[in-house]
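Spelled out from the first residue to the last, the chains are:
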Amino acid sequence: MTKNKIPQDWSFLPINGVFEFIGTSSFSRNDTHYEIDENSIYYIHYGDIHATYKNAVLDFDTETRIPALKKHIKPSTNFLKEGDLIIADASEDYEGVGEALEVYNIENKKVLAGLHTFALRDKNNKTAHGYRAYLFKNPEIKKRLKTIATGSKVYGISKGNLEKFKIILPPVPEQQKIAQILATWDKAIKLQQQLIDNKKQYKKAVMKKLLTGEVRLKGYENNQWLSLPINEVFEFIGTSSFSRNDLNYNVEEDSVYYIHYGDIHATYKNAVLDFNIESRIPVLNKNIKPSIHLLKEGDLIIADASEDYEGVGEALEVYNLSGRKVLAGLHTFALRDKNNQTAHGYRAYLFKNPDIKKRLKTIATGSKVYGISKGNLEKFKITLPSIQEQQKIASFLSKIDNEIKGLGSELFFFKKQKQGLMQQLLTGKLRVKIKKYGKKESI
């Protein structure tokens, strides 16, 4: 974007004409902890800018995951002030280049900008508090930032290049109004995320009670549960071992869907994988001719490998196949109920039972990656309520899953709305009216 492409009353200035650079520190993650007291020195690591803090403003009154330096470390005194800007100078992808935060509600806290960051301070009041980090959310600015980033696996910005980099500045009153509007969206997004987190915690607590029999549903209080080895309940179906390179998302009528163990861990959040709802299920490339170990409705897929104990035995039950061709893939077991002892919709919840998850860890082997052998899993015992009680439990938990999914869809909508609004407001395509001479302000 050039000077003639922005509104006439906006400025187009180099960063060093607006901000001064403040000294930063280079302590590592190993030098930090979360044991906070009144003497703590908070430390903003570039990794947290990318991964932890979701808003443009880092509010010390509301953010709970800000690390501090360990007590024995004696840093320099380049402490940040209210409204200072922290920019990550390194990123593993272009999208993260120039990711920024503005610090808010510091009060008397000691705060340092850390490893792989620049710290900027407004030197002549040309920027509004609450707006500064949004400078780097401007899509035109993000596009140009990529042109000054260098590197291959990690992209970095040098101080020399950043000093000369030109930013777009509305008049300060307009900055204030834009920041106020976007902050309202940030609050709505944060509240929605809290609702989702609370619902997930509720589900976790309910699952623990229902799946262990600690709490029984009305009418089933006296029913006995069975304890059976898996191979008496399920038969093992053949799986495939194609890699990510053999997959794509170009779904056609005759596509063969492929459930990769990595997606069980990272992509599919519910116990049930519903093919009528889930949109990110890969298929095999056209040139591949797989075996015919196709899954059936209600089959169970278990990841047999994980990088941590929590992922050991993570499972999905396939739902609404409706004639689709589906394979269980790399590092999975596929199980099929062989004598109708488990209810459709309940099967994957077997492996959400905290007691079962705890015992699964005892049969996992490995160091960096933990795995379960077929021999061990076949003999592994599971506890089963009656079919009717399983159906009731599955129905109850499924309703909670649907509520979480609904809240997630609303969150996605909020984020898309905010993104569209930013693109309009931060480029001047949509202007805000500022209160003057007693007139009301509005968009």
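Everything that follows concerns the structure shown earlier in this document.
Let me begin by describing the structure that accompanies this report. (Residues numbered from 1 in each chain as written. Predicted model: local features only at pLDDT ≥ 70, side-chain atom pairs only at ≥ 80, totals over all residues. Heavy atoms only, no water.)

### Structural notes on the sheet that holds strand β22 (residues 315-319)
Strand order in the open sheet made by the five strands is β15-β24-β20-β22-β18, with mixed pairing throughout. One side of each edge strand has no neighbouring strand; the edge strands of this open sheet are β15 (234-237) and β18 (272-274). Taken over all neighbouring pairs, the strand axes of this sheet differ in orientation by 35 degrees on average, direction set aside. With three bridges connecting them, strand β20 (residues 300-303) and β22 associate as antiparallel partners. (Pairing = 2+ DSSP bridges. Helix = DSSP H or I, 4+ residues; strand = E, 2+ residues; numbered from the N terminus. Axes fitted to C-alpha atoms, helices over the stretch in contact; angles between N-to-C directions.)

### Thoughts on the environment of N340
With respect to the element layout, N340 can be found in the loop between β24 (332-337) and α7 (354-363). Put simply, N340 and I387 are 47 residues apart on the chain and 8.5 Å apart in space, counted from C-alpha to C-alpha.

### Description of helix α2 (residues 139-148)
Side chains of residues three or four places apart in an α-helix project in the same direction, reflecting 3.6 residues per turn. Listed in full, the buried residues belonging to α2 are I141, R144, L145 and I148. All buried residues of α2 lie within an arc of 110 degrees about the axis, which places them on one face of the element. Across α2 from its buried face, at more than 90 degrees, point the exposed residues K143 and T147. For α2, the elements touching its buried residues are β1 (11-14), β12 (155-156), α3 (159-164) and β13 (166-169). The residue sitting at the N-terminus of α2 and contributing the capping side-chain oxygen is N138; that oxygen lies 2.8 Å from the backbone nitrogen of E140. (Buried < 20%, exposed > 50% of the residue type's maximum accessible area, 1.4 Å probe, protein only. Arc of directions from axis to C-beta. Contact = heavy atoms within 4.5 Å. Polar contact = N/O pair within 3.5 Å; in protein donor to acceptor, adjacent residues only side chain to side chain.)

### Let's talk about the sheet that holds strand β5 (residues 57-59)
Spatially, β2-β11-β7-β9-β5 is the arrangement adopted by the five strands of the open sheet, whose pairing is mixed. The open sheet is flanked by β2 (19-22) and β5, the only strands paired with a single partner. For this sheet, the mean inter-axis angle between neighbouring strands, taken without regard to orientation, is 35 degrees. Here four bridges tie strand β7 (residues 85-88) to strand β11 (residues 117-122), and the two strands are oriented antiparallel to one another. For I87, the partnering residue across the bridge sits in β11 and is F118.

### Comments concerning helix α4 (residues 172-212)
Helix length check: α4, at 41 residues, gives a terminal C-alpha distance of 59 Å against a target of 60 Å (1.5 Å per residue), a fit within 8%. Just past α4, the residue G213 takes up positive phi, approximately 80 degrees. (Expected span 1.5 Å × (residues − 1).)

### Points about the pairing of strand β9 (residues 100-104)
Remember that side chains alternate between the two faces of the sheet whenever the strand is regular. Here β9 lies mainly inside the structure; four of its five residues are buried. Note: β5 against β9, three bridges, orientation parallel. Pairing of D59 across the sheet is with Y104, part of β9. Bridge count for β7 against β9 is three bridges, and the pairing is antiparallel. If you follow I86 over to β9, its bridge partner there is L101.

### Considerations on the packing of α4 against helix α9 (residues 387-425)
Close contact between α4 and α9 brings their axes to 10 Å; oriented N to C, the two are set at 165 degrees. One element, α4, and the other, α9, form an angle in the roughly antiparallel class. Of the two elements, α4 crosses α9, and the hand of that crossing is left-handed. When the residues that make up the contact of α4 with α9 are grouped by side-chain class, the tally is 24 nonpolar, four polar and nine charged. (Parallel < 35°, antiparallel > 145°, perpendicular 65-115°, else oblique. Left-handed = near helix turned anticlockwise from the far one by under 90°. Nonpolar A, V, L, I, M, F, W, Y, C, P; charged D, E, K, R; others polar.)

### What about the nonpolar core?
Core analysis: the largest hydrophobic core is formed by 43 residues, its most contacted members being I230, F351, L360, L377, I382 and L397. Elements represented by at least two residues in this core include exactly α4, α5 (230-233), β15, β20, β24, α7, β26 (381-384) and α9. Per element, the largest residue contribution to this core is seven residues, and it comes from α9. Every residue in contact with I382, bar those within four places of it in the chain, is listed here: L226, S227, L228, I230, V233, F234, L350 and I356. (Core = buried A, V, L, I, M, F, W, Y, C linked by side-chain atoms within 4.5 Å.)

### Regarding the side chain of D48
You can see D48 is positioned in helix α1 (residues 46-51). Contact partners of D48, with chain neighbours within four places excluded, come to R29, Y53 and P67.

### Comments concerning the pattern of salt bridges
This model, assessed by the stated rule, comprises 24 salt bridges. A salt bridge links D401 to K203; the shortest N-O distance between them is 2.5 Å. Of this pair, D401 sits in helix α9 while K203 sits in helix α4; the two residues are 198 residues apart in sequence, bridging distant segments of the chain. In this structure D401 comes out as buried when scored by relative accessible area, which is 4%. (Salt bridge = Lys/Arg side-chain N within 4 Å of Asp/Glu carboxyl O.)

### Looking at the packing of aromatic side chains
What the rule picks out here adds up to 10 aromatic pairs. Look at Y257 and F275: their rings are 5.4 Å apart centre to centre, the planes differ by 90 degrees, and that puts the pair in the edge-to-face class. Of the two residues, Y257 is situated in strand β17 (residues 256-259) and F275 in the loop between β18 and β19 (283-284); the sequence distance between them amounts to 18 residues. Among the residues examined, Y257 registers a relative accessible area of 12% and is labelled buried. Look at F275 and you get buried, because its relative accessible area is 5%. (Phe/Tyr/Trp six-rings, centres within 6.5 Å; stacked < 30°, edge-to-face > 60°.)

### Brief notes about the pairing of β22
Across the five residues of β22, four count as buried, placing the element largely inside the fold. Sheet topology note: the β18/β22 ladder contains three bridges and is parallel. Residue pairing for β22: V272 is matched across the bridge by E317.

These values are about where atoms sit, not about what they do.
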